[in-house]
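Listed here are the chains, written in short residue letters.
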Amino acid sequence: MRVGVIGGGQLARMMVPPAVALGIDIRVLAEVEGSSAEIAATAVGDYRDAGAVLEFARDVDVVTFDHEHVPQAVLAALVDAGHAVHPGPAALAVAQDKIVMRERLTAIGVPVPRWAVVRDAAGLGAFLADHGGSAVVKTPRGGYDGKGVRVVRRADEADDWFAAAQAAGDGRLLVEELVDFRRELAQLVARRPSGEVRAWPLVETVQREGVCAEVFAPAPDAGPFADEARAMTQRIATELGVTGVLAVELFEASDGRLLVNELAMRPHNTGHWTIDGAVTSQFEQHLRAVLDLPLGDPSPTAACSVMVNVLGGPAGGTMPDRYPAAMAAHPEAKFHSYGKQSRPGRKVGHVTVTGGELDETLARARAAAGFFQG
Ligand SMILES: Nc1ncnc2c1ncn2[C@@H]1O[C@H](COP(=O)(O)OP(=O)(O)OP(=O)(O)O)[C@@H](O)[C@H]1O
Ligand SMILES: [Mg+2]
């Protein structure tokens, strides 16, 4: 069984250990030499180049992804050449463009923040006037870690983005209500082509400056939201025909609504805790799903798991430089390095601690991650 992963980031890197354990031959098409997934990189090339991608796909049984940015024309070339591609192009199209995402979710009746498509300051001004004077403007494509997301309170605050959108394409931006949320949640499921779906527990996520900082699994005091989020996510996976892992980012709004923020069709930062805290990790499950193998048990193995991202500090160096002190102080912590040089704000790894009680587990996880962040 040979799985080809397009993209050499940390998600591809973290698919390698379960592939090795299962005896799956994993191959990565990396963007650059020295990528995070270098250990499994069999090729270096541009994922926007159909020739390079077809050449890479020749020697694998199924193609999957580390990110959602492979152009539809390249995906179509893969399918036309007879390759199995999971998730498929039609599903990925929904994850690639936030306007398409809002349209599709609205069409299938999934609750989302109030939204509109705007082309200029006048359109943005009208939306602001109708929604209490504040809104969130988003670039439809290519955003990540809060890049491409801007809170605005005046109609002229997105002029630079309108200009860029007009220069690059159709000039459209997504605008949506600024949701007053109690907290953010995430629901992950995996679905195989033959239809089986398995769900991990709902988790709580904390974003700082648009970047995932911490994840608590399962989400404390989720109440009825746990069932609601699972049912909603299973329905999205089935309706959109997603194969592999589907992550749904959610808002628990202060007015009681459970709203979908966005979708990712690949393993997701909010599922990293599953490596150390669930019977089957999201990376193993993704491999099983794209190969259409029976899915594993997603049950948690501890009462609670806390994952803290390591966002690089000013220090430079790599996570392993700090292992002697961190490991001596926190034998209970599981350390994950992405093989990246530390730069301010850069996600260079994560730390997971499992335990019986959230406050203590969180304190330990923060303390262990703190060794890499000062
Ligand atoms: N409509 C909204 N109302 C309030 N906050 C929002 C809204 N949309 C986004 N945010 C905040 O901005 C964060 C990033 O937004 P979003 O997930 O759309 O962007 P992204 O850059 O694609 O993120 P990711 O890193 O998950 O790819 C959200 O996690 C949330 O904290
Ligand atoms: Mg997001």
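Up top is the structure.
Residues numbered from 1 in each chain as written. Chains lettered and ligands numbered in written order. Predicted model: local features only at pLDDT ≥ 70, side-chain atom pairs only at ≥ 80, totals over all residues. Heavy atoms only, no water.

A. Representation of helix H2 (residues 50-57). Taken together, the buried positions of H2 are Val53, Phe56 and Ala57. One face of H2 carries all of its buried residues, which in axial projection span an arc of 95°. Buried residues along H2 sit against strand E1 (2-6), strand E2 (25-30), strand E3 (41-44), strand E4 (62-65) and helix H3 (72-80). By the N-cap criterion, in which a side-chain oxygen at the helix start approaches the backbone nitrogen of a residue two or three places on, H2 is capped by aspartate 49, the distance to glycine 51 being 2.9 Å. (Buried < 20%, exposed > 50% of the residue type's maximum accessible area, 1.4 Å probe, protein only. Helix = DSSP H or I, 4+ residues; strand = E, 2+ residues; numbered from the N terminus. Arc of directions from axis to C-beta. Contact = heavy atoms within 4.5 Å. Polar contact = N/O pair within 3.5 Å; in protein donor to acceptor, adjacent residues only side chain to side chain.)

B. Structural context of the site of ligand 1. The local shell around ligand 1 holds 19 residues, among which Lys98, Asp145, Gly146, Glu184 and Glu262 are the closest. Between an oxygen atom of ligand 1 and a side-chain N or O atom of glutamate 262, the distance comes to 2.7 Å. Here ligand 1 has 610 Å² of accessible area as a free molecule, and 88% of this is covered by the chains. Counting residues per element, the ones that place at least two in the shell around ligand 1 are strand E7 (135-138), strand E9 (173-177), strand E10 (181-191), strand E14 (244-253) and strand E15 (258-264). Grouping the amino acids of the shell around ligand 1 by side-chain chemistry returns 7 nonpolar, 3 polar and 9 charged. (Near = heavy atom within 4 Å. Areas by Shrake-Rupley, 256 points an atom, 1.4 Å probe, with all protein chains shown as cover. Nonpolar A, V, L, I, M, F, W, Y, C, P; charged D, E, K, R; others polar.)

C. Highlighting the nonpolar core. Ranked by internal contacts, the top residues of the largest apolar core, which has 43 residues, are Ile6, Ile236, Val260, Leu263 and Met265. The biggest single contributor to this core is helix H8 (residues 224-240), with 6 residues. For isoleucine 236, the contacting residues outside a window of four places in its chain are Leu105, Ile108, Val110, Gly241, Val242, Leu246, Val248, Val260 and Leu263. Within the second largest apolar cluster, 20 residues are counted, among which are Met15, Val28, Leu287 and Leu291. (Core = buried A, V, L, I, M, F, W, Y, C linked by side-chain atoms within 4.5 Å.)

D. Examining the pattern of salt bridges more closely. By the definition in use, this model includes 28 salt bridges. Between arginine 48 and aspartate 46 there is a salt bridge, and its shortest N-O distance comes to 3.0 Å. Residue class for arginine 48 comes out exposed when judged on its relative accessible area of 56%. Judged by its relative accessible area of 32%, aspartate 46 is partly exposed. When the shortest N-O distance is used, the salt bridge between arginine 364 and glutamate 360 registers 2.7 Å. Of this pair, arginine 364 and glutamate 360 both sit in helix H12 (residues 358-370), 4 residues apart, roughly one helical turn. (Salt bridge = Lys/Arg side-chain N within 4 Å of Asp/Glu carboxyl O.)

E. Structural detail: the packing of H2 against H3. Here H2 crosses H3 at 35°, and the two axes come no closer than 10 Å. Of the two elements, H2 crosses H3, and the hand of that crossing is right-handed. From H2, Ala50, Val53, Leu54 and Ala57 reach across to H3, where they touch Val74, Ala77 and Leu78. Of the residues assigned to the contact of H2 with H3, the class counts are 7 nonpolar, no polar and no charged. (Axes fitted to C-alpha atoms, helices over the stretch in contact; angles between N-to-C directions. Left-handed = near helix turned anticlockwise from the far one by under 90°.)

F. Broad picture of the packing of aromatic side chains. With the rule as written, the count across this model stands at 4 aromatic pairs. On the basis of an interplanar angle of 10° and a centroid distance of 5.1 Å, the ring pair of phenylalanine 181 and phenylalanine 251 is categorised as stacked. In this pair, phenylalanine 181 is assigned in strand E10 and phenylalanine 251 in strand E14, connecting sequence segments 70 residues apart. Looking at phenylalanine 181, the relative accessible area reads 34%, which means it is partly exposed. The class of phenylalanine 251 is buried, set by a relative accessible area of 8%. Taken together, a centroid distance of 6.1 Å and an interplanar angle of 85° make the contact between tyrosine 323 and phenylalanine 372 edge-to-face. Taken as a pair, tyrosine 323 in helix H11 (residues 323-329) and phenylalanine 372 in the segment after H12 lie far apart in primary sequence, 49 residues in all. Residue tyrosine 323 is classed as buried on the basis of its relative accessible area of 17%. On the basis of relative accessibility, which here comes to 5%, the residue phenylalanine 372 falls in the buried class. Members of the aromatic cluster, each reached through a chain of ring pairs, are Tyr323, Phe335 and Phe372. One residue, arginine 48, lies across the ring of tyrosine 47, its end atom 5.7 Å from the ring centre. (Phe/Tyr/Trp six-rings, centres within 6.5 Å; stacked < 30°, edge-to-face > 60°. Lys NZ or Arg CZ within 6 Å of the ring centre and 35° of its normal.)

G. Just the coordination of the magnesium ion (ligand 2), in detail. Glu249 (OE) and Glu262 (OE) make up the full set of protein donors to the magnesium ion (ligand 2), lying at 2.1 Å. With glutamate 249 in strand E14 and glutamate 262 in strand E15, the pair connects residues that are 13 residues apart, well separated along the chain. Judged by relative accessible area, which is 18%, glutamate 249 ranks as buried. (Donors = N, O, S within 2.8 Å, 3.2 Å for Na, K, Ca; no water.)

H. Highlighting the packing of H3 against helix H4 (residues 89-96). Here H3 crosses H4 at 165°, and the two axes come no closer than 10 Å. Considering the angle they form, H3 stands roughly antiparallel to H4. In this structure, the crossing between H3 and H4 has a hand that is right-handed. Counting all contacts with H3, which are made through Gln72, Leu75 and Val79, the residues of H4 involved are Pro89, Leu92, Ala93 and Gln96. Grouping the constituent residues of the contact of H3 with H4 by class yields 5 nonpolar, 2 polar and no charged. (Parallel < 35°, antiparallel > 145°, perpendicular 65-115°, else oblique.)

I. A look at the state of the cysteines. Taken as a whole and assessed by the stated rule, the structure comprises 0 disulfides. A disulfide-free cysteine, cysteine 212 has its sulfur positioned 16 Å from the sulfur of cysteine 304, the nearest such atom. Judged by relative accessible area, cysteine 212 falls into the buried class, the value being 7%. (Disulfide = S-S within 2.5 Å.)

Everything listed is a geometric property; what it means functionally is a separate question.
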